[in-house]
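Listed below are the residues making up each chain.
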Amino acid sequence: MAPANPAHQDESIAMGDWRRLFLAFSPTGEPYTTKGDILSILSKNGIHKKDTRIQDLIEALEAYTPKEPIDFETFRSLAGRHVYLLQRAAQGGFIIPDFSGFTDHIAQIYQDLVSINTGDVARYIPQLARVDPKYLGISVCTVDGQTFDIGDTDVGFCVQSTCKPVTYCIALEDVGEDKVHAHVGREPSGQNFNAITLNSKNLPHNPMINAGSMVCASLIRPQQPLADRFDAILSVWQRLCGGVRPGFNSAVYHSEKETADRNFALAYFLKEVGAFPSGTDIHQTLDLYFQCCSIEVTTKAMATLAATFAGAGVCPMTGERVLSPESVKHGLSLMLSCGMYNFSGEFAFTVGLPAKSGISGVIMLVVPGVMGITIWSPRLDPLGNSVRGVAFCEKLVSLYNFHNFDGVGPASEKTDPRLQAHQEKRYLALSLILASSQGDLDEVKRLMARGASPDIPDYDGRTALHLAAAEGRQEVARYLCRLGANLDVRDRFGRTPREEAAASGITL
Ligand code: GLN
C-alpha cells in the first residue's frame, strides 16, 4: 500500500527517475548540480527561498557555495522528502508550467497600472481617507503554491468587505447550508452594499452585502464570548493564509463602530423583521462584523487565502484542508454573482471569475482550480471597486483564457498557461526539436525531464540534435549529446548531426 503522505515517499521513485531528475538540475548535462541551479529552477517555478515548505532544504543548502558541485548521492539526500516538488519543478509539472513567462505578463500589467490615477480613496472614515492612494500591490499564488509578488505586497491593509466570503464559509461549516440560507438569500441585490433592503422573504439578499454578512456573523458560535468568536474566525483566516497570522487594525475598528449609523440601522431593521436567529445579540453581532472588516493582511497573505479558495479549500502552502469543497463552491458562486458590489453583473460578464472587493481598495480574485490573485490599490471608482484592481482583472482575462466561458466554442486565441493534461510523446519530441533549434536550454531541460526522447525525428528525419547543431546552438547540442542523443543518425538528405556541427563550427 502506498504511504499516506506523498511527502514521505522519497524512496518510492525509481532510480532511473532519480537520475533523470538529477540531470535536469545539472547545468551542462554532466553528472553534477549546484545550489545555484537548484534554487534557480525552483525560483523560475515560483518556489522561493522563503517558501515554508522547503525550509529544511534551504537550510541544508546553506552549507554550499552557489557553484560548488553537488554529486548524485548528495543530491538525493538533500532532495529527500522534497523529491516530488523538485520533480514537478524540473518537469514543468506545476499548474503553471512556464511560471516566469506568466509572471512577466503580470509585471507588465503592473507597470501599465501604475500610471492610472483616477478614482479616490474611501473617505467615510479618517483611517481609510489617510491611506496613500499611490499604493499598488499584486500577489499571485497558484494551487501548487507558486508565488509572485510585485509592488506594495508587504504593506498591511484592512480587508473590509473581502471578509464576507470567509465569514459566509465559516457559517456554512459551523451550522450548515440549510440553516445559513434560512437567514440569507443568494440573489444579487442590485443595490448598494449597505442598502436597507430585503428580499421578498424579508431576508438579506445575499451574504456578500452588509446585511447578509451580519446575519452570517450572528450564526458563528453565538453562545460563546465575543472574544472567543473572533479568535475562532481569526484562526480560520490564519489557516487560509498558510499560517500567517493576520493583524487587526484597532483604529479602523473603532472608527467603523463610531460612524456606523447605517450598519446599526441595518441591524435593527433585520432584527425587526426577524431575519436573525432567535436570541441574537445584535450589538455583539455588529461588533463581530466590524472586527472582521478590520482584520489586516498583506496582498501576499491574501493571495494564499484566494489560492485556498481556488484549491477548493486546501491551502497550497500547508496542504491542510481548511474549508470543505462544498462551502468553497457556495462561496465562489456568490462571489461570481454578487462579489463586486453593483458592478457584479458586468464583472461576471467581462471577467467571468469569482472575486470579492473591499472598500480599502482590495480585490481578491479566484481562478478556480488554478490560482488566487490579490490586488490592492486604494483608489476607488464610483461603485466602490478599486480602479486599478478592476483594470487588472480585465487585462488578465484579455491575455489568458480564464473567463468562465472561454472554454465554450472554438479554441480561443488567448493563451492557456495551464498544464496540458496528456501531452503526447510526439508533441514532446516536436517541442524538443523546436526548443533545440532555438537554443532554449531551459525548455530543452524541462522537456527532457518530462520524458521527451531526443531521437524522435521530424518529417525530414531531423532530430533535436540535427537542429541544435545546424543552428550552432553549442550549449544545447552538448547537453543533448551528454544525455545520449545520436550524433550519427542520417536525415533524409543524408546528413548527420556530427556533420551539421562541423559545418556550423561548433565543438561537441
Ligand atoms: N466596513 C464597511 C461597512 O460595513 C465595509 C464596506 C465595504 O468594504 N464595502 O460599511
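Residues numbered from 1 in each chain as written. Predicted model: local features only at pLDDT ≥ 70, side-chain atom pairs only at ≥ 80, totals over all residues. Heavy atoms only, no water.

Undergrad: Please clarify how the overall build of the protein should be interpreted in this entry.
TA: Along the protein, the regular secondary structure elements total 23 helices and eight strands. Projected onto the principal axes, the alpha-carbon positions of the protein cover approximately 90 × 45 × 40 Å. Across the 508 residues that make up the protein, the buried fraction comes to 54%. Put simply, of all contacts in the protein between residues at least 6 apart along the chain, 68% involve residues at least 24 apart. Split by element, the accessible area of the protein, about 21,400 Å² in all, is 51% carbon and sulfur. Distance from the positive charge centre (47 side chains) to the negative charge centre (56 side chains) of the protein: 0 Å. (Helix = DSSP H or I, 4+ residues; strand = E, 2+ residues; numbered from the N terminus. Buried < 20%, exposed > 50% of the residue type's maximum accessible area, 1.4 Å probe, protein only. Contact = heavy atoms within 4.5 Å. Areas by Shrake-Rupley, 256 points an atom, 1.4 Å probe, with all protein chains shown as cover. Lys, Arg positive; Asp, Glu negative; His and termini not counted. Charge placed at Lys NZ, Arg CZ, Asp CG, Glu CD.)

Undergrad: Explain the environment of Val143 to me, please; I cannot follow it from the model alone.
TA: Position of Val143 among the secondary structure elements: in the loop between strand S1 (137-142) and strand S2 (147-151). Distance in space between the C-alpha atoms of Val143 and Glu443 is 23 Å, their sequence separation being 300 residues. Once residues lying within four places of it in the same chain are set aside, the contact partners of Val143 are Ile95, Ala307, Ala310, Gly311, Pro316, Gly369, Val370 and Met371.

Undergrad: Help me out: how do you make sense of the sheet that holds strand S5 (residues 295-297) in this one?
TA: Through backbone hydrogen bonds, the strands of a sheet pair up, either in parallel or in antiparallel fashion. On the basis of which strands lie adjacent, the open sheet formed by three strands has the order S3-S5-S4 and antiparallel pairing. Of all strands in the sheet, those with a lone pairing partner are strand S3 (157-158) and strand S4 (247-248), marking the two edges. Pairing of S3 with S5 involves two bridges; the strand directions are antiparallel. Paired with Phe157 across the bridge in S5 is Val297. (Pairing = 2+ DSSP bridges.)

Undergrad: What should I look at first to understand the confidence of the model for the protein in this one?
TA: The predicted structure's coordinates, where accompanied by low pLDDT, should not be read in detail. Looking at the protein, the pLDDT average stands at 93 and 95% of residues meet or exceed 70. Scored below 50 in pLDDT, residues 1-10 makes 10 contacts in the model with residues more than four places away or belonging to other chains. (pLDDT = per-residue confidence, 0-100.)

Undergrad: Any chance you could explain the side chain of Ser139 here in plain terms?
TA: Residue placement: Ser139 occurs in strand S1. Side-chain polar atoms of Ser139 contact the side chain of Thr299, separated by 2.8 Å. If near-sequence neighbours (up to four positions away) are discounted, Ser139 is found in contact with Phe148, Asp149, Thr153, Thr299, Lys300, Ala303, Gly372, Ile373 and Thr374. (Polar contact = N/O pair within 3.5 Å; in protein donor to acceptor, adjacent residues only side chain to side chain.)

Undergrad: Would you explain the sheet that holds S1 in this entry?
TA: Taking strand neighbours across the sheet as the criterion, the five strands line up as S2-S1-S8-S7-S6 in an open arrangement whose pairing is antiparallel. Whereas interior strands pair on both sides, the edge strands pair on one side only; in this sheet they are S2 and strand S6 (355-358). The sheet shows a mean angle of 10° between the axes of neighbouring strands, taken without regard to direction. On top of the sheet, helix H15 (residues 299-310) reaches S1, S2, strand S7 (362-367) and strand S8 (371-376); it is set at about 145° to S8, its chief contact. (Axes fitted to C-alpha atoms, helices over the stretch in contact; angles between N-to-C directions.)

Undergrad: For this particular structure, what's the right way to read the state of the cysteines?
TA: Each disulfide is one covalent bond, formed between the sulfur atoms of two cysteines. Taken as a whole and judged by the stated rule, the model has zero disulfides. Summary of cysteine pairing: Cys163 is not part of a disulfide, and the nearest cysteine sulfur, belonging to Cys293, is at 4.2 Å. Classification of Cys163 by relative accessible area gives buried; the value is 0%. Here Cys393 is not disulfide-linked; the sulfur of Cys141 is the nearest cysteine sulfur, at 17 Å. (Disulfide = S-S within 2.5 Å.)

Undergrad: What's the story with the site of the ligand in this structure? I'm lost.
TA: Taken together, the neighbourhood of the ligand is formed by Tyr124, Gln160, Ser161, Phe193, Asn210, Glu256, Asn263, Tyr289, Cys293, Tyr341, Gly358 and Ile359. At 2.7 Å, a side-chain N or O of Tyr341 approaches a nitrogen atom of the ligand. Interatomic distance of 2.9 Å between a backbone N/O atom of Ile359 and an oxygen atom of the ligand. For the ligand, the protein covers 96% of the area, taking 300 Å² as the surface of the free molecule. (Near = heavy atom within 4 Å.)

Undergrad: Just checking my understanding: could you explain the packing of aromatic side chains for this structure?
TA: Here the distance between the centres and the angle between the planes together describe a pair of aromatic rings. Enumeration according to the criterion identifies 16 aromatic pairs in this entry. For the pair Phe22 and Phe72, a centre-to-centre distance of 5.3 Å together with 65° between the ring planes defines the contact as edge-to-face. Placement of the pair is Phe22 in helix H1 (residues 15-24) and Phe72 in helix H4 (residues 72-79), with a sequence separation of 50 residues. When the centroid spacing of 6.2 Å and the interplanar angle of 50° are considered together, the rings of Phe264 and Phe290 count as tilted. With Phe264 in helix H13 (residues 261-272) and Phe290 in helix H14 (residues 282-293), the pair connects residues that are 26 residues apart, well separated along the chain. Classification of Phe290 as buried rests on a relative accessible area of 1%. An aromatic cluster is present here, built from Trp18, Phe22, Phe25, Phe72 and Phe75 joined pairwise through their rings. (Phe/Tyr/Trp six-rings, centres within 6.5 Å; stacked < 30°, edge-to-face > 60°.)

Undergrad: Mind showing me how you'd approach H1 here?
TA: Along an α-helix, residues three or four positions apart point the same way, because every turn accommodates 3.6 residues. Within H1, the full set of buried residues consists of Trp18, Leu21, Phe22 and Ala24. Here the buried residues of H1 occupy an arc of 160° about the axis, which is enough to place them on one side. Summarising the contacts, the buried residues of H1 are in contact with helix H2 (35-44), H4, helix H5 (83-91), helix H20 (441-449) and helix H22 (474-482). (Arc of directions from axis to C-beta.)

Undergrad: Whenever I open this one, unusual backbone geometry confuses me. Can you help?
TA: Note: most peptide bonds trans; most residues except glycine with negative phi. If you check the backbone angles, Ala312 has positive phi at about 55° while not being a glycine. With respect to the element layout, Ala312 can be found in the loop between H15 and helix H16 (325-338). With a phi close to 55°, Tyr341 is a non-glycine residue in the positive phi region. Locating Tyr341 in the fold gives a position in the loop between H16 and helix H17 (344-350).

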